[in-house]
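Overview (structure and organization)
Chain by chain, the residues:
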Amino acid sequence: MAHILSVFRPQPFLALLGRRNPTFHKMFMDSRAREIFRAAVEAVQPDRVVRQSLERKNDSVIIDGCTFTLRHNLHLVGFGKAVLGMAAEVERILGDHLINGVISVPHGIQQTLQQHGKSHLLLKKDSRIKVMEGAKHNLPDEDSQKAAEEIKQLTSELSEKDLLLVLISGGGSALLPAPIPPISLHEKLDVTRRFAAAGATIQELNKVRRALSLLKGGGLAHHAHPAQVVSLILSDVIGDPLDLIASGPTVTCEVWPEEVLSILDRYKLLNSMPASVMKVLARQGPRWKDIKEDSGSTGEALNVVIGSNTIALTCAGRRAQELGFRSVVLSPGVCGDVRLVSRLYGLLARFACSREEPSPEIAAEVLRLGPEVGVESWDLCRTMQVLGEGRNEGWGATCLLAGGEPTVELTGKGRGGRNQELALRVGVELRGLELPPQGPVFLSGGTDGQDGPTEAAGAVTDGGLYDEAQAQGLDINSVLIDNDSYTFFSRLSAAQRLLVPGLTCTNVMDVHVLLIPAIPIEIS
Ligand SMILES: Nc1ncnc2c1ncn2[C@@H]1O[C@H](COP(=O)(O)OP(=O)(O)OP(=O)(O)O)[C@@H](O)[C@H]1O
Ligand SMILES: O=C(O)[C@H](O)CO
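A quick note: this is a predicted structure, and the numbers were derived from the prediction, not measured.

Some details on the sheet that holds strand β6 (residues 98-106)
In spatial order, the strands read β7-β6-β5-β8-β9-β10; together these six strands make up an open sheet with parallel pairing. Edge positions in the open sheet fall to β7 (129-134) and β10 (302-307), since each of these has one partner strand only. For this sheet, the mean inter-axis angle between neighbouring strands, taken without regard to orientation, is 15 degrees. Bridge count for strand β8 (residues 163-168) against strand β9 (residues 228-234) is six bridges, and the pairing is parallel. From the neighbouring strand, leucine 165 faces β9, where its bridge partner is valine 230. Against the sheet, helix α4 (residues 83-94) contacts β5 (74-79), β6, β7, β8, β9 and β10, and its axis sits at roughly 145 degrees relative to β8. Relative to the sheet, helix α6 (residues 142-156) contacts β5, β6, β7 and β8, its axis offset from that of β6 by approximately 155 degrees.

Quick look at the site of ligand 2
As a matter of local geometry, ligand 2 sits amid Gly170, Gly171, Gly172, Ser173, Ile202, Asn206, Arg209, Asp236, Val237, Ile245 and Ala246. Here glycine 171 contributes a backbone N or O atom positioned 2.8 Å from an oxygen atom of ligand 2. Across the shell around ligand 2, the residue classes break down as four nonpolar, five polar and two charged.

Looking at the UniProt feature "domain: MOFRL-associated" (unreviewed entry) in the chain
In this structure's numbering, the residues bearing the UniProt feature "domain: MOFRL-associated" (unreviewed entry) are residues 33-281. As annotated, residues 33-281 comprises 40% helix and 18% strand, and the C-alpha atoms at either end are separated by 48 Å.

Quick word on the pairing of β6
A large share of β6 lies buried, amounting to seven of its nine residues. Relative to β6, β5 is paired through six bridges, and the arrangement is parallel. The residue of β6 that forms the bridge with leucine 76 is glycine 101. At this point the chain moves from β5, through α4, to the parallel β6, and the crossover so formed is right-handed. In terms of strand pairing, β6 meets β7 through six bridges, oriented parallel. Paired with valine 105 across the two strands is glutamate 133, which belongs to β7. With helix α5 (residues 109-115) bridging β6 and the parallel β7, this β-α-β connection has right-handed handedness.

Observations regarding the packing of helix α7 (residues 185-197) against helix α8 (residues 202-211)
Interhelical geometry of α7 versus α8 gives an angle of 165 degrees and a closest axis separation of 10 Å. When the interaxial angle is binned, α7 and α8 end up roughly antiparallel. Seen from above, α7 lies across α8 with right-handed handedness. Of α8, the residues touching α7 (which contributes Lys188, Val191, Thr192 and Phe195) are Leu205, Val208 and Arg209. When the residues that make up the contact of α7 with α8 are grouped by side-chain class, the tally is four nonpolar, one polar and two charged.

A short note on the site of ligand 1
Around ligand 1, 17 residues are found, and the nearest of them are Lys81, Gly416, Arg418, Asp448 and Asn483. Contacts to ligand 1 include lysine 81, whose side-chain N or O atom sits 2.4 Å from an oxygen atom. Contacts to ligand 1 include arginine 418, whose side-chain N or O atom sits 2.8 Å from an oxygen atom. In the complex, the protein chains occlude 75% of the 630 Å² of accessible area that ligand 1 would expose alone. Among the residues making up the shell around ligand 1, the classes are represented as three nonpolar, eight polar and six charged.

Brief notes about the sheet that holds strand β2 (residues 54-57)
The strand order β2-β3-β4 describes an open sheet built from three strands, whose pairing is antiparallel. Only two strands of the sheet have a single neighbouring strand rather than two, namely β2 and β4 (66-69). Averaged over all pairs of adjacent strands, the angle between their axes in this sheet comes to 25 degrees, without regard to strand direction. The pairing of strand β3 (residues 60-63) with β4 spans four bridges and is classified as antiparallel. Bridge pairing in β4 links isoleucine 63 to cysteine 66. In the packing of helix α3 (residues 46-53) onto the sheet, the strands contacted are β2 and β3, and the crossing angle to β2 comes to about 50 degrees. In the packing of α4 onto the sheet, contacts are made with β2 and β3, and the angle to β2 comes to roughly 15 degrees.

What counts and how
- Residues numbered from 1 in each chain as written.
- Chains lettered and ligands numbered in written order.
- Predicted model: local features only at pLDDT ≥ 70, side-chain atom pairs only at ≥ 80, totals over all residues.
- Heavy atoms only, no water.
- Pairing = 2+ DSSP bridges.
- Helix = DSSP H or I, 4+ residues; strand = E, 2+ residues; numbered from the N terminus.
- Axes fitted to C-alpha atoms, helices over the stretch in contact; angles between N-to-C directions.
- Contact = heavy atoms within 4.5 Å.
- Near = heavy atom within 4 Å.
- Polar contact = N/O pair within 3.5 Å; in protein donor to acceptor, adjacent residues only side chain to side chain.
- Nonpolar A, V, L, I, M, F, W, Y, C, P; charged D, E, K, R; others polar.
- UniProt positions renumbered as here; feature names shortened; annotations may be inferred.
- Buried < 20%, exposed > 50% of the residue type's maximum accessible area, 1.4 Å probe, protein only.
- Right-handed = clockwise from strand over helix to strand, strands pointing away.
- Parallel < 35°, antiparallel > 145°, perpendicular 65-115°, else oblique.
- Left-handed = near helix turned anticlockwise from the far one by under 90°.
- Areas by Shrake-Rupley, 256 points an atom, 1.4 Å probe, with all protein chains shown as cover.

What follows is the structure, given as C-alpha cells:
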C-alpha cells in the first residue's frame, strides 16, 4: 500500500502542527510571509546601508575599496525619500569632519518620523546639515527648486581639497529640479505630469528629465569639480542603472536630443512641448560648456549602490532559510503588466505543487511568459529546477522570492495599488491549490510601505481568496475592473489580508514572496 509522507527538513515544530489544521496553516504561512517581507525591508534601512558602506579609520574613510582622507573637508548633499536617515548615519560616523550640508527630502518627513518613533533617522539638533522639505506628491515644486539651488550653490563653492558626499535615493528627481533656462519650473512640472499620465516608464521619463536639467545627467558632479565626489545610492530602478536612478546627477552622460525627441514622439507629446523645451533640445555643443569652461573636468565621481532590491531579496532569502524554508530568488527585475505577472506566479505555483510530474505545457508557458515580465529564461529554468527538486525529493517548504515593479493599466476609479492588485490576481490564480494538504501563500509589498495612494503596502493571499470573497458578498471581478483592490482588502475578513507596515523610510521597489508548502511524497 502506498503511504503519503510529508518530509519537512528543518521545519519548526509549529509547521508540523499547522499541517493538521488548515486555519492554523493559513495563519502560520501568512505570518511567515510577513516576516520574510520585514527582513527584506530591514536589510535596506537607510542607516544600516550607510553603516555597511562606510569604514571609518582614524582620519580617513574607506568607501567601496577607495580611501579618502578626512581633514575637516567633508561636505554633504542629498535628495530622495530615504536620504534623511542616510544623512543621520553619515553624521554619526563622519560628523567630526563635516563642514556643511543640504538635503532635499519629502514634505512632512521630519514630523512623520518623529511621530513614528524613528528619531534615530533624524539629524542632531545642532546639525550642520540643512534639511529642506518639498516635492509634495512626488512632483517638483518651488520648495524643492529652492533646495536644488542651495545644493548647486554649495557644490559650486568647493575646491580640490574638499570631499563631497552625495546621498541619493528614489524620489530624488522631483527633489532636485533645476530646469535649464529658459524652461520654467511650471513647464518642467507639466512635462513630468504628462509623461507619467501617458504611461511612460521611469527609464524614459528620466532620460527626458536629464536632458532638461542643469543638475541631472552628471550636472551635479560637474558643479562640484574639482572636489572629490562620492555618491551613495539606494536604488529604486530595475537593474540599478546609475545614470537613471534619480536621473543620474553624478553620472556624466551624453544627451542625445534625437533619443529624447523619439521618446516624446512615442507618447504623442512632441507637438505639444513648450517652445523652451524644444529650444533646449535643439542646442548644439558639449553639455557642460557654459558651466565649467576652464575646468577641463570629466566630472567623474565614485558612484556606489549601497542598497537595492537584490540586497533586500538576498536578506529575505536568508530569513526564509532560518524559518525552515528552502529559498530561491527568481529575479529582482519583474516588470510588465500585473495580469501577466500574476499568471506567471500561478503557473510556477502549479508547477511546484503538482503531485505528478508537471505537464511540459506548464514549463513551456512559464518560459514563454517570463521574458514578457522581465524574467530571463535562465532564471526561470534555475527556479523550476529548484521547485522540481522540492517536489520530487520532498525537500520541504519552499520560499520563492522576486522583486521589481510591475505596472497596472488603470481602467477604473477605485483605490488600490500595484501590489494589492497583484496579490489579488495571484489569489485568483491559486484557486484550487488550497485543497489538502495546504496550498501556497503569496505576498506582494512595496518596500516603501505605501502602495499607490493607499496606506497599505500590499496584501497576502492564497487559493482560498475567491471563495472567502464570495462568502462575504464581494465580487472580485468587478473589483478588478474598477482597480479597487484597497477597498476590497479593507472589507474582506476585517482587513486581515492587508499588509500595513507603516512608514518604512526606504524604497527598493516591490518584493514578492511565494511560499509553497511541502508536497507529500509517496512511499511504496
Ligand atoms: N487604484 C489603483 N489600483 C492599482 N494600481 C494603482 C491604483 N492607483 C494607482 N496605482 C498604481 O500605483 C503606482 C503608483 O504608486 P506609488 O505611489 O507607490 O508609486 P511608485 O512608482 O512606487 O513611486 P515611488 O517610486 O516614488 O515609490 C502606479 O504604478 C499606478 O498605476
Ligand atoms: O527619483 C527618481 O527619478 C525615481 O525615483 C527613480 O530613481
